[in-house]
Amino acid sequence: MNEKYPKNTMNKQDDLQENIRERMKVPEGYFEANKVRIMQMAAQSEKSPLRLAWRQPLIWLSAAAVLALGLFILPKQFLDTKEPVNLEALPTAAIVNYIDKEYAYSLEENLLADAMGTLPGEEVLWEGLSEDEIIDFLTDSPVEESILYEEYEN
Amino acid sequence: MEEDQIITLIRSDRTRLRGYELLVDTYQERLYWHIRGILGNHDDTNDVLQNTLIKVWKGLTSFRGESRLYTWLYRIASNEAFTFLQREKRKPGTVTEEKLIYQKLDSDPYFDGNEAMIRLWQAIDKLPEKQKEVFRLKYFEEMKYQDMSELLSTSVGALKASYHHAVQKIKEFLQED
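Below is a short write-up of the structure. (Residues numbered from 1 in each chain as written. Chains lettered and ligands numbered in written order. Predicted model: local features only at pLDDT ≥ 70, side-chain atom pairs only at ≥ 80, totals over all residues. Heavy atoms only, no water.)

### Some remarks on the overall build of chain B
Within chain B, the secondary structure is distributed over nine helices and zero strands. Across chain B, helices and strands are ordered from the amino to the carboxyl terminus as α-α-α-α-α-α-α-α-α. The buried share of chain B, reckoned over its 177 residues, is 54%. Total accessible area on chain B is roughly 8,500 Å²; 46% of this is exposed by carbon and sulfur atoms. (Helix = DSSP H or I, 4+ residues; strand = E, 2+ residues; numbered from the N terminus. Buried < 20%, exposed > 50% of the residue type's maximum accessible area, 1.4 Å probe, protein only. Areas by Shrake-Rupley, 256 points an atom, 1.4 Å probe, with all protein chains shown as cover.)

### Remarks on the overall build of chain A
Along chain A, the regular secondary structure elements total eight helices and zero strands. Traced from its N-terminal end to its C-terminal end, chain A shows the element sequence α-α-α-α-α-α-α-α. Considering only contacts within chain A whose residues lie at least 6 apart along the sequence, 38% involve residues at least 24 apart. Surface accessibility of chain A: about 11,500 Å² in total, with carbon and sulfur atoms responsible for 57%. (Contact = heavy atoms within 4.5 Å.)

### Description of the packing of aromatic side chains
Overall, the coordinates contain 10 aromatic pairs over all chains when judged by the stated rule. Measuring from ring centre to ring centre gives 5.2 Å for Tyr32(B) and Trp33(B), while their planes differ by 90°; the resulting arrangement is edge-to-face. The structure contains a cluster of three or more aromatic residues connected by ring pairs, namely Tyr30(A), Phe31(A), Tyr32(B) and Trp33(B). The ring of Tyr70(B) carries the charged tip of Arg30(B) above its face, separated from the ring centre by 3.9 Å. For Lys138(B), the ring lying beneath its charged end belongs to Tyr145(B), and the centroid distance is 4.5 Å. (Phe/Tyr/Trp six-rings, centres within 6.5 Å; stacked < 30°, edge-to-face > 60°. Lys NZ or Arg CZ within 6 Å of the ring centre and 35° of its normal.)

### Notes on the side chain of Thr52(B)
Residue and element names in this part refer to chain B. Along the chain, Thr-52 falls in helix 3 (residues 42-59). Relative accessible area serves as the criterion here: at 0%, Thr-52 is assigned to the buried category. In this structure Thr-52 touches Ile-35, Ile-76, Ala-77 and Glu-80, once residues within four positions along its chain are discounted.

### Details of empty space enclosed by the protein
Empty pockets left among the atoms are what a rolling probe the size of a water molecule brings to light. Residues and elements named next belong to chain B. Within the structure shown, the criterion is met by three cavities of 30 Å³ or more. Of the pockets and cavities examined, the largest cavity occupies roughly 110 Å³. Together, 12 residues line the largest cavity, and Ile-38, Leu-39, Leu-85, Leu-100 and Ile-101 are the ones closest to its centre. The set of elements that each furnish at least two residues to the lining of the largest cavity consists of helix 2 (16-39), helix 4 (69-90), helix 5 (97-106) and helix 6 (115-125). Across the lining of the largest cavity, the residue classes break down as seven nonpolar, no polar and five charged. (1 Å grid on protein atoms, 1.4 Å probe; cavity = no way out; pocket = protein on both sides within 12 Å on 5 of 7 lines; lining within 4 Å. Points joined across faces, edges and corners; volume = space filled by probe spheres on them. Nonpolar A, V, L, I, M, F, W, Y, C, P; charged D, E, K, R; others polar.)

### Re the nonpolar core
Core analysis: the biggest nonpolar cluster contains 65 residues, and Tyr20(B), Leu73(B) and Phe135(B) have the highest contact counts within it. Among the elements that make up this core, the one with the highest residue count is helix 2 of chain B (11 residues). (Core = buried A, V, L, I, M, F, W, Y, C linked by side-chain atoms within 4.5 Å.)

### Focus: the pattern of salt bridges
According to the stated counting rule, one finds 10 salt bridges over all chains in the structure shown. Among the salt bridges present, the one from Glu3(B) reaches Arg68(B), with a minimum N-O distance of 3.3 Å. Of this pair, Glu3(B) sits in helix 1 (residues 2-10) while Arg68(B) sits in the loop between helix 3 and helix 4, and the two are 65 residues apart along the sequence. Owing to a relative accessible area of 6%, Glu3(B) belongs among the buried residues under this scheme. Taking relative accessible area as the criterion, Arg68(B) reaches 38% and is therefore assigned partly exposed. Put simply, Lys35(A), Arg18(B), Glu21(B) and Asp25(B) are held in one network by salt bridges that share partners. (Salt bridge = Lys/Arg side-chain N within 4 Å of Asp/Glu carboxyl O.)

### Examining helix 1 of chain B
All names here are of chain B. Within helix 1, burial applies to Glu-3, Ile-6, Ile-7, Leu-9 and Ile-10. Considered in projection along helix 1, the buried side chains sweep an arc of 165° and stay on one side of the axis. Turning to helix 1, the residues buried within the fold contact helix 2 and helix 4. (Arc of directions from axis to C-beta.)

### Remarks on the environment of Trp57(B)
On the secondary structure map, Trp57(B) appears in helix 3. Through-space distance from the C-alpha of Trp57(B) to that of Glu21(B) is 9.9 Å; in sequence the pair is 36 residues apart. Setting aside residues no more than four positions away along its own chain, Trp57(B) makes contact with Ala42(A), Ser45(A), Glu46(A), Arg16(B), Leu17(B) and Tyr20(B).

Structure, rendered in structure tokens:
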């Protein structure tokens, strides 16, 4: 038997109500002070540059634009450079690769190999061919002439 | 209605801070008693209330108004309080839950109850979760059954029964010794 807590004190719900809630105190002015503290924190985070930045749609748009530029536009620009190309200075394999990739759909591989005096996959020696011979070969192929000249001149 | 006014204010960037201020004014005391009903002592309640209100501020933009505002606040506060309790229990060297409650209440300068009061607190803490929740809402927050019904999605009849059982169990617990 708990002497400090007589049985008959718990007979009514009202007793329960009185017993604990009444004994719990809150420091004087606690809620007012807490409100001030909380509001200061909220106001600070409201003014924080980072928070403001995230909330500006322009920031998001700019970030997206930079990302798109970085991922798609710049690499393509570097690849599509219009700097004049000196064919003689290019390695033969690079030229063959280029033609192969760009015009494979219209060139007959064997014809190309014949013209180069090699079989596909073998290293081609361009030194043995004059520029005219190369152009003659290419103009005989189904590739549109203007494109070939444009590519060659570039 | 105050709740509608708060929701309208917090939905706009321009007035969100004002809406939040109104929210703190309206609900911080209720939230305090809800948390204190779980934790018992003032200092812990103060910490958890602050964390709760900060979380509420950070999450204001995600409040869609699908539930009542207080329901949303109540859930955040409950989560914070129970997470806090779990952390306390896991601390190395922590005594049993009963003793922890006893120590916390006994050392709380804002609790002037005697040992018997602490024993009552322990009795509440021993209740099954649902009864405990109902008892706390009625006892500490003095919430009406109708509001409780909305908050807990339970019928008023079931809530009354839960409260009745809770009171009976508390009496039995206290009469055991």
